[in-house]
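# Structural characterization, general
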Amino acid sequence: MQFSDHRLADHPFRPARWTGGTITPEIIVLHDTASRLDKGSAAAFLLDNEAKVSVHFVLEIDGTITQQVPINRRANHAGRSHYHGRDHCNGFSIGIEIVNPGRMTRTGDKARAWYGESFDIGEYGIEEITTPEHGAGLWMPYAEAQIKALLELLQALSLACDTLTDIVPHWYISPGRKVDTNPLFPLEHIKALVLGRDNPAEAQAEEISDAVPDANELIQVDAPGDTLNLRRWPSFNPNVIAQIPDQAILPVLRKGTFAGRDWLQVLYGGQSGWVVARYAAPITFDTGHQT
Ligand SMILES: [Zn+2]
């Protein structure tokens, strides 16, 4: 895939009515349309409406993608929002709307969307799930074709745009106000695949930390009754890749201070990641001499 003029060449481009000024995208915000599933209906609304909303990409049930705003221009998709101390995420994000009915309620053996459409619960694999972020509801799983197309789009974007550092659902930046994407969205799986080893935040962390020579230091996890999060890079983004049991002993690869906190890069379960240093006790070796 190639970008030219900030348009993704593989997909049709239709310019949205509400396209704003130039931005430098740093995060990707994922949304549900909470709309009818018919092809083109959500895309048509987002293209031109009186609600002043717009988005960079719309992803249909069958995996078809339409681009409606160039990736270096502002779209009105996030509304009131907050990301790691910064407000107004539209000013530094790319929005992707995934066609999905959103939260539904039960009526017999059907799930009913807010706009009135009903779906057979068994036929659509709809699940009743409650989470702290979403509250209670019935939710439709995303189509396999959507997840596949989304992965390709995210990979193309992260290659085309080296300022991107994170992928977040709308609920993450507008907590309590928004519940998209729904609880069935495979967020961690997608983030691991896309951000993977080439994540700029991870590369930057390597640059500004110090290697432990010969990896000859060990630590023991000190988190009584709890686990220690292994993170892809040293920050509290939703970037947890594993949970390390208390008392586990791990080799230390690098040490660094990020945002005033000491972190260690360790090896656990065959992968490297970062842990907060204060939950790890250094292990000192007996050099072999009896004293
Ligand atoms: Zn949204």
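No experiment lies behind these values; they were computed from the predicted model shown. (Residues numbered from 1 in each chain as written. Predicted model: local features only at pLDDT ≥ 70, side-chain atom pairs only at ≥ 80, totals over all residues. Heavy atoms only, no water.)

### A closer look at the coordination of the zinc ion
Around the zinc ion, the protein supplies His31 (ND1), His170 (ND1) and Asp180 (OD) as donor atoms, at distances of 2.1 Å. All donor residues of the zinc ion come from one chain, and their arrangement in sequence is H-x138-H-x9-D. With His31 in strand S4 (residues 27–32) and Asp180 in the loop between helix H3 (170–173) and helix H4 (187–195), the pair connects residues that are 149 residues apart, well separated along the chain. By relative accessible area, Asp180 is classed as buried at 10%. (Donors = N, O, S within 2.8 Å, 3.2 Å for Na, K, Ca; no water. Helix = DSSP H or I, 4+ residues; strand = E, 2+ residues; numbered from the N terminus. Buried < 20%, exposed > 50% of the residue type's maximum accessible area, 1.4 Å probe, protein only.)

### Focus: the layout of surface pockets
Looking at the largest pocket, its volume works out to about 550 Å³. Considering the residues around the largest pocket, the lining is formed by 25 residues, among which Asp32, Thr33, Ala34, Glu97 and Lys178 are closest to the centre. For the lining of the largest pocket, the elements supplying multiple residues, two or more each, are S4 and helix H1 (41–47). Sort the elements by how many residues they give to the lining of the largest pocket and H1 lands first, with 4 residues. Of the volumes computed, that of the second largest pocket is approximately 430 Å³. (1 Å grid on protein atoms, 1.4 Å probe; cavity = no way out; pocket = protein on both sides within 12 Å on 5 of 7 lines; lining within 4 Å. Points joined across faces, edges and corners; volume = space filled by probe spheres on them.)

### Things to note about helix H2 (residues 144–160)
Here H2 spans 24 Å end to end across 17 residues, near enough to the 24 Å set by a 1.5 Å rise per residue. Restricting attention to buried positions, one finds in H2 the residues Gln146, Ile147, Ala149, Leu150, Leu151, Leu153, Leu154, Ala156 and Leu157. (Expected span 1.5 Å × (residues − 1).)

### Quick notes on unusual backbone geometry
Along the chain, Asp180 connects to Thr181 via a cis peptide bond; the corresponding omega equals -5 degrees. Mapped onto the fold, Thr181 is located in the loop between H3 and H4. Residue Ala34 is not a glycine yet carries a positive backbone phi of 50 degrees. By secondary structure assignment, the location of Ala34 is in the loop between S4 and H1. Assessed through its relative accessible area of 24%, Ala34 is described here as partly exposed. Backbone geometry at Lys52 places phi at a positive 60 degrees, although glycine is not the residue there. Examined against the element boundaries, Lys52 turns out to sit in the loop between H1 and strand S5 (57–59).

### Considerations on the sheet that holds strand S6 (residues 65–67)
Pairing in this open sheet of 5 strands is mixed, and the strands run S6-S5-S10-S4-S16 from one edge to the other. Looking at which strands have only one partner, the edges of the open sheet turn out to be S6 and strand S16 (166–169). Sheet twist, expressed as the average angle between the axes of neighbouring strands with direction ignored, equals 20 degrees. Seen against the sheet, H2 touches S4, S5, S6, strand S10 (93–98) and S16 and runs at an angle of roughly 170 degrees to S10. (Pairing = 2+ DSSP bridges. Axes fitted to C-alpha atoms, helices over the stretch in contact; angles between N-to-C directions. Contact = heavy atoms within 4.5 Å.)

### Here's the deal with empty space enclosed by the protein
On inspection of all chains with the given rule, the structure shows 1 cavity of 30 Å³ or more. Volume-wise, the largest cavity comes out at about 30 Å³. Along its surface, the largest cavity is lined by Ile28, Ser158, Leu164, Thr165, Asp166, Ile167, Val194 and Leu195. Those elements that place two or more of their residues in the lining of the largest cavity are S16 and H4. Residue composition of the lining of the largest cavity, by class: 5 nonpolar, 2 polar and 1 charged. (Nonpolar A, V, L, I, M, F, W, Y, C, P; charged D, E, K, R; others polar.)

### Here we look at the pairing of strand S22 (residues 261–268)
The pairing of strand S21 (residues 249–258) with S22 spans 6 bridges and is classified as antiparallel. Bridging across to S22, Phe258 finds its partner in Arg261. In this structure, the hairpin formed by S21 and S22 is closed by a connection of 2 residues, where Ala259 is found at a positive phi of approximately 50 degrees. What sits between S22 and strand S23 (residues 271–276) in their antiparallel hairpin is a turn of 2 residues, with Gly269 showing a positive phi close to 55 degrees.

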